[in-house]
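Report on the structure
In case you want the letters, here they are:
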Amino acid sequence: MGRPNVGKSTLFNRLVGSRRAIVGDEPGITRDRLYGDSEWRGRRFRVVDTGGIVPEDKEFIPAEIFRQARVAFDEAAAIVMVVDGRTELAAPDLELARLLKKTGKPLLLAVNKIDSDRQEALTGDFHRLGLKNIFPLSAEHGHGVDDLLDELLAVLTAKEQVSDGNALTTGGTEVTEEAEDPKIPEFAADGEGAVESVIEEPTTDNQPPTTEVKIAIIGHPNVGKSTLLNQLTGTSRAIVSPIPGTTRDAVDEIVERNGKRFRFIDTAGIRRKGKTRLMAEKLSVVMSRKHLEDADIALLVIDATEGVSSLDATIAGYAHESGRSLIILVNKWDLITTGKNRAISQARAARIQDSKRPQDHKLYVERLRDSLKFLSYAPVLFVSAATGKNVDNIFPLVEEVAAERRKRIATGEMNRFLKTVDFERASVPMSQRVRILYMTQSNVAPPTFILFTDRAVKLHFSYQRFLENQIRHAFGFVGTPIWIKNRARE
């Protein structure tokens, strides 16, 4: 934890070993809290990066950042306060140190941006914060980080020994604070320096492995992605505000439901290049696409009051081309049904028609399908993230799409299907027609099929589309793109 722009996210990235958090020279880039796993000297621990805290700032975003940070240090086993060693100690630093000392948690001070031994003299002024454990370090270059981690291990090991000695006994049975949880908190970090670790119980061979489905929530700014994440997880995990672009780092949360694990990832709103001015905004778009490509399923959130825009189509294209499965969520539908807003259509004739039937699902889906023709396979669900209406219906739909994404069809079954297809119905020029000798599914996630043909000709797009439609009609593959490749038989 610390004030804005002191290097918390740089330290976080150093500890987790990846560029999980966006880092830049602009203050206040991190807003939501970010979690990452790390390891030091055989001990696994979780580090939590928080936004820059200015305790007395009453503006909405800084106040929400402070609320998120409080959740982090309430959960933490230890806290690392980060300060900028190259700037003078400021009143917000003193106030923050006072607040953190009140938590009663082990508190360490990381004086960042000390890139050489000669600069260590700059740490003298920070003794005024009244903290004993002071560590000069450079998060960017890694200098001094090992000393910080060694001390954290020592402090938390001592804390665990004290906790073990104070275990309560009830009815002859020893009970500890962690007794109900099979994973005992051992050393975890909340806040960009708050730490909490986990010791795992040994697993047995007869325990079924848990399959985690990764779901990225995508869309342009201010369509309700963060509100949706909070509804899905039943928490206030993401900061929600009417200001477009509030979310910058991708925020993820795991939900366990009916024995299945779902990791929902709230990505930053994707904008057009010309609309991103700050470096943090540009990086957030890059990171959004990266997290999309790491996901299994994308929830494309459309604002019902705006209709489908060209930007929505572009974002959907990113998911489609990367092979992600897709579910289209039409959000804010409650504003349409209550008459507070009316769906916007581009053409005047369409607006007139919409005004006559503003609450008609079928009409809206027709408009949506017309704008997103390449997503004909994606199911559509009307929801209200603000009220929670229909949000629970997302889970069974995600399960279905995840299963379809990993479906595999046996080669024999594929070739029996091939004999039933009337390829004369495909509108393909004669010069580009090929004879399919046999067909096999080579991969899943997404389903990939290889055609063995009589000659080496690139499949005509209408031929490929015809075959894809026939495959879907016979085998389903709801919500997932299908990739088709062809090879000439040698």
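Our subject is the structure that appears above.
Here we summarise the structure given alongside this text. Please read these numbers as outputs of a predicted model, since none were measured by experiment.

1. Comments concerning the sheet that holds strand β19 (residues 483-488)
In a beta sheet, neighbouring strands pair by backbone hydrogen bonds and run either parallel or antiparallel. The strand order across the open sheet formed by three strands is β17-β18-β19, and the pairing between neighbours is mixed. Two strands lie at the open edges of the sheet, namely β17 (436-443) and β19, each paired on one side alone. Going across the sheet, the axis of each strand differs from the next one's by a mean of 25 degrees, ignoring polarity. Across six bridges, β17 lies against strand β18 (residues 448-453) in antiparallel orientation. Residue pairing for β18: Asn443 is matched across the bridge by Thr448. Lying on the sheet, helix α12 (residues 411-418) is in contact with β17 and β18; it crosses β17 at an angle near 140 degrees.

2. A word on the environment of Thr411
Structurally, the position occupied by Thr411 is in helix α12. With relative accessibility at 35%, the residue Thr411 sits in the partly exposed group.

3. Considerations on the packing of aromatic side chains
Taken as a whole and judged by the stated rule, the model has eleven aromatic pairs. Ring centres of Phe262 and Phe395 lie 5.5 Å apart, and the angle between their planes is 75 degrees; this geometry places the pair in the edge-to-face category. One end of the pair, Phe262, is in strand β13 (residues 260-266); the other, Phe395, is in helix α11 (residues 394-405), with 133 residues separating them in the sequence. Pair check on accessibility: Phe262 and Phe395 agree, each one buried. Here Phe423 and Phe466 contribute two aromatic rings whose centre-to-centre distance is 6.1 Å and whose plane-to-plane angle is 65 degrees, an arrangement assigned as edge-to-face. Remark: Phe466 occurs in helix α13 (residues 461-475) and Phe423 occurs in the loop between α12 and β17; sequence separation between them is 43 residues. Phe466 sits in the buried class, given a relative accessible area of 11%. An aromatic cluster is present here, built from Phe262, Phe264 and Phe395 joined pairwise through their rings. Taking the ring centre of Phe395 as reference, the NZ or CZ of Arg257 above it sits at 4.2 Å. Sitting above the plane of the Phe477 ring, Lys407 keeps its charged end 5.2 Å from the centroid.

4. Focus on the side chain of Glu468
Locating Glu468 in the fold gives a position in helix α13. According to the relative accessible area criterion, Glu468 is buried, its value standing at 19%. Leaving out residues up to four positions away in the same chain, Glu468 has contacts with Ile482 and Ile484.

5. Considering the sheet that holds strand β3 (residues 79-84)
Taken in spatial order, the three strands line up as β3-β4-β5 in an open sheet, and their pairing is parallel. Every other strand in the sheet has two partners, leaving β3 and β5 (134-136) as the edge strands with one partner each. Across the sheet, the axes of successive neighbouring strands diverge by a mean angle of 25 degrees, strand direction being ignored. Two strands pair when backbone bridges link them, and β3 and strand β4 (residues 107-112) are joined in this way by six bridges, in the parallel orientation. Within β4, the residue paired with Ile79 across the bridge is Leu107.

6. Structural notes on the pattern of salt bridges
Under the definition given, this model contains 19 salt bridges. Taking the shortest distance from any N to any O, the salt bridge between Asp84 and Lys113 comes out at 3.1 Å. With Asp84 in strand β3 and Lys113 in the loop between β4 and β5, this residue pair connects regions lying 29 residues apart in the sequence. On the basis of relative accessible area, Lys113 is assigned to the partly exposed category, the value being 23%. Between Arg261 and Glu256 there is a salt bridge, and its shortest N-O distance comes to 3.2 Å. In this structure Glu256 comes out as exposed when scored by relative accessible area, which is 59%. Within the structure, one salt-bridge network assembled from shared partners comprises Glu212, Asp252, Glu256, Arg261 and Arg263.

7. Some thoughts on the pairing of β19
Where β18 and β19 come together, six bridges link them in parallel fashion. Within β19, the residue paired with Phe449 across the bridge is Ile484.

8. Things to note about the packing of α12 against α13
Direction vectors running N to C along α12 and α13 enclose 115 degrees, while the axes themselves pass 11 Å from each other. In the crossing of α12 with α13, the sense of the turn from one axis to the other is right-handed. Of α13, the residues touching α12 (which contributes Glu413, Met414 and Phe417) are Gln470, Ile471, Ala474 and Phe475. Looking at the contact of α12 with α13, its residues break down into five nonpolar, one polar and one charged.

Procedures and definitions
Counting starts from 1 at the beginning of each chain's written sequence and moves along it residue by residue. Local features in a predicted model are, by the rule used here, given only for residues with pLDDT of at least 70; side-chain atom pairs are given and counted only at 80 or more, and totals for whole chains, interfaces and linings are based on all residues. Each side-chain value is worked out from all heavy atoms of the structure, with water and hydrogens disregarded. The criterion for strand pairing is that DSSP finds at least two bridges linking the strands in question. Every helix listed is a DSSP run of H or I at least four residues long, and every strand listed is a run of E at least two residues long, numbered separately from the N terminus. Comment: axis = line fitted to C-alpha atoms, over the contacting stretch for helices; angle = value between 0 and 180 degrees taken between N-to-C directions. Residue contacts are defined here by distance: any two heavy atoms, one from each residue, within 4.5 Å place the two residues in contact. Exposure categories follow from relative accessible area, calculated using a 1.4 Å probe and restricted to protein chains: below 20% of the type maximum is buried, above 50% is exposed, and the middle band is partly exposed. Two rings from Phe, Tyr or Trp (for Trp, the six-membered ring) form a pair when their centres sit within 6.5 Å of each other. Planes less than 30 degrees apart are called stacked, planes more than 60 degrees apart edge-to-face, and all others tilted. Look at NZ for Lys and CZ for Arg. If either is within 6 Å of the ring centre and within 35 degrees of the ring normal, a charge sits over the ring. Counted as salt bridges are all cases of a side-chain nitrogen of Lys or Arg within 4 Å of a carboxyl oxygen of Asp or Glu. Here a crossing is taken to be left-handed if its near helix is turned anticlockwise relative to the far helix by less than a right angle, and right-handed if that turn runs clockwise. For this scheme, ten residues count as nonpolar: Ala, Val, Leu, Ile, Met, Phe, Trp, Tyr, Cys and Pro. Four count as charged, namely Asp, Glu, Lys and Arg, and the remainder, Gly too, count as polar.

From the geometry alone we can't say anything about function, so treat these as descriptive.
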